[in-house]
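Here's the letter readout for the chains.
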Amino acid sequence: MAANRASTANGAHPAPEKTYFEQQREMLVGEIAQSLELVLQNINKLNRSLEEVTQVGAEFAPVESLWSHFENVMAKDPNENQEGAQEGQTEHEDATERRAGTVPTRSGMDGVADARQDKVEEDTRRQEIDSDNQAMLSIAVDL
């Protein structure tokens, strides 16, 4: 006690003792600071994981594009394209005949020639589809 009185007499302020409340507060503030550091570390880990997932997802974009193309090719109806081409050809012939003022006369041979032409067009479309399928398969193998 004499030492305390001597230090007070020399002008030094004695270190005030911390109350129980202040001790508990400091302890809790320290725990909160540690918890916030852990939260920050975990958020950084989560951010890195999300970036990796996004990067992996971006790597699948060509595959998705390939499958979309494949789906579109498979969804095409060859008969639909053939009918559209025939309608366009018929409209063109009708317009030509109106300008010329002639009425078309079809012999039996013209019908056979048309059937052959239709068969050639259908075979060409099938070859195009086959080549598209082969191209898609080669791309898929490369991936």
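Numbering of residues starts from 1 in every chain and runs along the sequence as written. pLDDT decides what is reported in this predicted model: residues at 70 or higher carry local features, side-chain atom pairs at 80 or more are listed and counted, and totals for whole chains, interfaces and linings draw on all residues regardless. Computation of side-chain values covers all heavy atoms of the structure but excludes hydrogens and water.

### Quick look at the overall build of the protein chain
Note the following rule: A helix here means a DSSP run of H or I that spans at least four residues, while a strand means a run of E at least two residues long, and both kinds are numbered starting from the N terminus.
Within the protein chain one finds five helices and zero strands. In sequence order, the protein chain lays out its α and β elements as α-α-α-α-α.

### Structural notes on the confidence of the model for the protein chain
For clarity, the threshold we go by: On a range of 0 to 100, pLDDT expresses the predictor's confidence in each residue. We call two residues contacting when some pair of their heavy atoms lies within 4.5 Å.
For the protein chain, the mean per-residue pLDDT works out to 74, and 59% of the residues sit at or above 70. Mean pLDDT across the elements of the protein chain ranges from a minimum in helix α1 (residues 2-9), with 48, to a maximum in helix α2 (residues 20-59), with 94. Low pLDDT, under 50, characterises residues 1-7; the stretch is placed with one contact to residues that sit more than four places away or in other chains.

### Some remarks on the pattern of salt bridges
The line we're drawing: Counted as salt bridges are all cases of a side-chain nitrogen of Lys or Arg within 4 Å of a carboxyl oxygen of Asp or Glu.
One pass over the structure, following the stated rule, counts two salt bridges. K18 is the salt-bridge partner of E26, the closest N and O atoms lying 2.8 Å from each other. For K119, the salt bridge is made with D123, and the minimal N-O distance between the two is 3.5 Å. A residue pair is termed a helical-turn pair when its members lie 3 or 4 positions apart in one helix, as K119 and D123 do in helix α5 (residues 108-142) at four residues.

### Here's the deal with the packing of aromatic side chains
Formally: Only centres within 6.5 Å qualify two rings of Phe, Tyr or Trp (six-membered ring in Trp) as a pair; their planes then separate them into stacked at under 30 degrees, edge-to-face at over 60, and tilted for everything else. Relative accessibility under 20% of the residue-type maximum defines a buried residue, over 50% an exposed one, and the middle range a partly exposed one, all with a 1.4 Å probe and only protein chains included.
Taken as a whole and judged by the stated rule, the model has one aromatic pair. Arranged with centres 5.5 Å apart and planes meeting at 90°, the rings of W67 and F70 form a pair that is edge-to-face. Placement of the pair is W67 and F70 together in helix α3 (residues 61-75), with a separation of three residues, close to one helical turn. For F70, a relative accessible area of 31% corresponds to the partly exposed category.

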